[in-house]
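# Structural overview for review
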Amino acid sequence: MSLVITRSCCADTTCIAVCPVQCIRPRPGDDDWGTTEQLYIDPTTCIECGACAQACPVDAIVLDTELDRESEPFATINAEYFAARPLGDVSPLPIQRRRPAERGPLRVAIVGTGPSAMYAAEELSELRGVEVSIFERLPVPFGLIRSGVAPDHDRTKRIGDVFARIFDRRNVSCWFNTEIGRDLSMDEIRSHHDAVIVATGAPDDRALGVPGEALPGSHGAREFVAWYNGHPDYADRDFDLQTRRAVIIGNGNVALDIARALTRPSELYERTSMADHAIRALERSAVEEVHVVARRGPAFAAHSTAELTELAHLSDVELLAESHEIATTAHDEADALLRRSEADLQRRLAIVADAASKTPSSAKKVVLRYRLTPTRITGTDRVDGIVLTRPDGTVETIETSLVLRAIGFHGRATPGLPFDAATGTIPSDSGRVVDPETGERIPGVYCTGWIKRGPSGVIGTNRIDSAETVAALLADHAAGMLPAPTRSPAEFARLVEREHAEAVTGRGWRRIDERETDAGAAQGRPRVPFVSVEQLLAASRAAATRSR
Ligand code: NAP
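Only a predicted model underlies this, so the values are computations on that prediction, with no experimental measurement involved.

## Remarks on the packing of helix H19 (residues 506-522) against helix H20 (residues 533-541)
- At a closest axis distance of 7 Å, the pairing of H19 and H20 adopts a crossing angle of 105°. Judged by the inter-axis angle, H19 sits roughly perpendicular to H20. Each of Gly508, Arg511, Ile512, Arg515 and Glu516 in H19 lies in contact with H20, whose residues at this interface are Leu536, Ala539, Ser540 and Arg541.

Set out below in structure tokens:
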């Protein structure tokens, strides 16, 4: 017997720290650390102590004898990793505990509450003498954990429970429903803190840049995902689900999340945290077929192997591909092997080949399409099709009234800070924000996560990214390079009270959380999300339902 790491792995390395025999890989610093999609357990070294399973924030670690149908392939996937990379050094990772130098208290503001913000908050608030203030635009925290992670991956959303404990720390204060630039200015935040870390993610959809993109019926993936997760800014969106065929552009993990949402039975979502309006709309959906369109071949697919494996093993959806589109050249494979292992590549190609060999049945289907570049979205007053061009210049038009563009996300500028509009990121050096005109660092201003490196990686990638930013901030503090705040914490509390009475505190958010999870428990769901700011604010003001 052995423990097995399954699809929902967030790669945040919590398991590595607790493994007594150090049989989990890759570890930060290993050559494949930067490109890994998940972590793996060596079945021959594992002593089944269960420490990793207990520590895992997303319940991704299971005994091989208890794997369900969708997770079964992961026993082989874990073993194959070590067949290609036998376990070498098993000495524990050195634990780095950094304390601020004897420079008095350090007050750090963090803007955002997604994974990168929360990993930075976790690390900083563990240090004596550090006070952390956390700001979030919505009345509820956790960014993409709440409004991005797919509802049929509710296990992944449980990392929010781990992050929530950070708000209870005595040296952590939070102000939700507080937007920098709208409710408080960046200057106000900076004058009350030694340093600010911007962790605002990538809230917009990247543009495709083809004619017809703005027609009704053509939507960014962010819009659709935020809609089904109940994000207040998107809850009133309307999607044409009366089309028989939907087209998704791009084949990253977001594309696969949407493909599942459009094809899996709506009853399944009644047990999840999907917003009620989306469950009702999907119940009435006429979509039978979803084309996931990539501009390159299967060796280059942007989704992770774990997500493709899950899709291939769903009992309620058929995965198909077109046999004439899936050929892979030696050049493609050599290129792909720069980023992934041979076993991993072969597993993906085998899944695609299997999908291409199937005869379609009457089940709902996801069709993987390759080497098709979108050149035009057609229609007069709304979408009626999409024109795709092959490498040889020939075209294919797919008739559809729903096109979802899942081609990646784009960051948004923060008032008062530099911004690179081309990459959608804040210019920085190891997390230190840099003025692009002078090339000088802006003292006391840092960034982390997608607004720093662009929208890439899995949840745990942000732990390493935030560790780099926090290390830079602490080094600058130790070197006396941070501008001292000119106002006291009490003055800051008074400022927020005076300027922004609608700010939601940690206690207010707990009341929202209790109401959402209580409503969920009554229906056998993790939570029923409130989908408007008004509902969220009303819940934050209501009397507490549980004693804490
Ligand atoms: P992504 O992984 O960057 O994939 C973008 C896709 O869009 C690629 O297939 C890309 O093709 C295609 N594309 C880009 N520009 C295009 C264009 N002009 N025309 C046609 N196709 C174009 O983006 P994502 O799926 O939005 O994911 C964002 C991040 O969130 C990723 O790091 C992802 O792993 C993460 N995420 C993770 C999970 C999970 O772990 N379960 C779930 C959701 C999201 P090319 O490769 O040819 O450029």
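Anyway, onward from the coordinates.
## Quick notes on the site of the ligand
- In the neighbourhood of the ligand, 21 residues make up the surrounding shell, with Asn251, Arg295, Arg296, Glu307 and Gly457 lying closest.
- Here an oxygen atom of the ligand sits 3.1 Å away from a polar atom, N or O, in the side chain of Asn253.
- For the ligand, an oxygen atom lies 2.8 Å from a polar atom in the side chain of Arg295.
- Within the complex, the protein chains bury 79% of what would otherwise be the 920 Å² of accessible surface of the ligand.
- For the shell around the ligand, the element with the most residues is helix H10 (residues 253-263), which contributes three residues.
- Of the residues belonging to the shell around the ligand, the class tally is 10 nonpolar, seven polar and four charged.

## Things to note about the side chain of Thr378
- Tracing the chain through its elements places Thr378 in strand E15 (residues 373-378).
- Under the relative-accessibility criterion, Thr378 is labelled buried at 15%.
- One polar contact links Thr378 to Asp384, side chain to side chain, over a distance of 2.8 Å.
- Non-local contacts of Thr378, meaning those with residues more than four positions away in its chain, are made with Leu215, Val383, Asp384, Gly385, Ile386 and Val387.

## Quick word on the nonpolar core
- Among the nonpolar cores identified, the biggest contains 60 residues, and Ile24, Leu39, Ile41, Ile110, Leu124, Leu473 and Trp509 are the most heavily contacted of them.
- Counting residues per element, this core draws most heavily on helix H4 (residues 115-125), at six residues.
- Excluding anything up to four places from it in sequence, Ile24 contacts Ile5, Cys15, Ile16, Cys19, Leu39, Tyr40, Ile41 and Cys52.
- Within the second largest apolar cluster, 46 residues are counted, among which are Leu256, Ala261, Leu262 and Ala294.

## As for the sheet that holds strand E12 (residues 289-293)
- Read across the open sheet, the six strands follow the order E10-E18-E11-E12-E14-E13; overall the sheet is parallel. Edge positions in the sheet fall to strand E10 (218-220) and strand E13 (318-321), since each has one partner strand and no second. Direction aside, the axes of adjacent strands within the sheet are offset by 20° on average.
- Across three bridges, E10 lies against strand E18 (residues 403-405) in parallel orientation. When the bridges of E18 are listed, Ser218 appears paired with Val403.
- Docked against the sheet, helix H15 (residues 342-357) engages E13 and strand E14 (365-369), running at close to 90° with respect to E13.

## Details of the pattern of salt bridges
- Under the criterion given, the structure shown has 45 salt bridges.
- The shortest N-O distance in the salt bridge between Arg339 and Asp335 comes to 3.0 Å.
- Using a relative accessible area of 26% as the deciding quantity, one classes Asp335 as partly exposed.

## Focus: the sheet that holds strand E22 (residues 441-447)
- Strands sit in the order E7-E6-E5-E8-E22-E21-E20 across an open sheet of seven strands; the sheet is mixed. Strands at the two margins of the open sheet, each flanked by one partner only, are strand E7 (172-175) and strand E20 (428-429).
- By the bridge criterion, three bridges tie strand E8 (residues 195-198) to E22 in an arrangement that is parallel. Residue pairing in the sheet places Ile197 in a bridge with Tyr446 of E22.
- Set on the sheet, helix H17 (residues 461-478) makes contact with strand E5 (106-111), E8, strand E21 (432-434) and E22; between it and E22 the angle comes to about 150°.

## Remarks on H17
- Counted at 1.5 Å a residue, the expected span for H17 with its 18 residues is 26 Å, and the 26 Å between its end C-alpha atoms agrees.
- For H17, the set of buried residues is Asn462, Asp465, Ser466, Thr469, Val470, Ala472, Leu473, Leu474, Asp476 and His477.
- Check the buried side of H17 and you find it contacts E5, H4, E8, E21, E22 and helix H16 (450-453).
- Gly480, located one to two residues past H17, shows a positive phi value of around 70°.

## Observations concerning the packing of aromatic side chains
- As enumerated under the stated definition, the model contains 16 aromatic pairs in all.
- Seen in terms of ring centroids, Trp175 and Phe492 are 5.1 Å apart; in terms of plane orientation they differ by 90°. Their pairing is edge-to-face. Placement of the pair is Trp175 in strand E7 and Phe492 in helix H18 (residues 489-499), with a sequence separation of 317 residues. Pair check on accessibility: Trp175 and Phe492 agree, each one buried.
- Seen in terms of ring centroids, Phe224 and Phe239 are 4.9 Å apart; in terms of plane orientation they differ by 90°. Their pairing is edge-to-face. Placement of Phe224 in helix H9 (residues 221-228) and of Phe239 in the loop between H9 and strand E11 (245-249) is noted, with a sequence separation of 15 residues between them.

## A closer look at the pairing of E13
- By the alternation rule, side chains of E13 split into Glu318 and Leu320 and Leu319 and Ala321, which are all buried.
- In this structure, E13 lies alongside E14, joined through four bridges in parallel fashion. In the strand pairing of E14, Leu319 is matched with Val366.

## Considering the environment of Ile398
- Mapping Ile398 onto the fold places it in strand E17 (residues 395-399).
- Apart from residues lying up to four places away in sequence, Ile398 is in contact with Arg245, Val247, His291, Arg369, Asp384, Gly385, Ile386 and Leu388.

Reading guide: rules and limits
Residues numbered from 1 in each chain as written. Predicted model: local features only at pLDDT ≥ 70, side-chain atom pairs only at ≥ 80, totals over all residues. Heavy atoms only, no water. Axes fitted to C-alpha atoms, helices over the stretch in contact; angles between N-to-C directions. Helix = DSSP H or I, 4+ residues; strand = E, 2+ residues; numbered from the N terminus. Parallel < 35°, antiparallel > 145°, perpendicular 65-115°, else oblique. Contact = heavy atoms within 4.5 Å. Near = heavy atom within 4 Å. Polar contact = N/O pair within 3.5 Å; in protein donor to acceptor, adjacent residues only side chain to side chain. Areas by Shrake-Rupley, 256 points an atom, 1.4 Å probe, with all protein chains shown as cover. Nonpolar A, V, L, I, M, F, W, Y, C, P; charged D, E, K, R; others polar. Buried < 20%, exposed > 50% of the residue type's maximum accessible area, 1.4 Å probe, protein only. Core = buried A, V, L, I, M, F, W, Y, C linked by side-chain atoms within 4.5 Å. Pairing = 2+ DSSP bridges. Salt bridge = Lys/Arg side-chain N within 4 Å of Asp/Glu carboxyl O. Expected span 1.5 Å × (residues − 1). Phe/Tyr/Trp six-rings, centres within 6.5 Å; stacked < 30°, edge-to-face > 60°.

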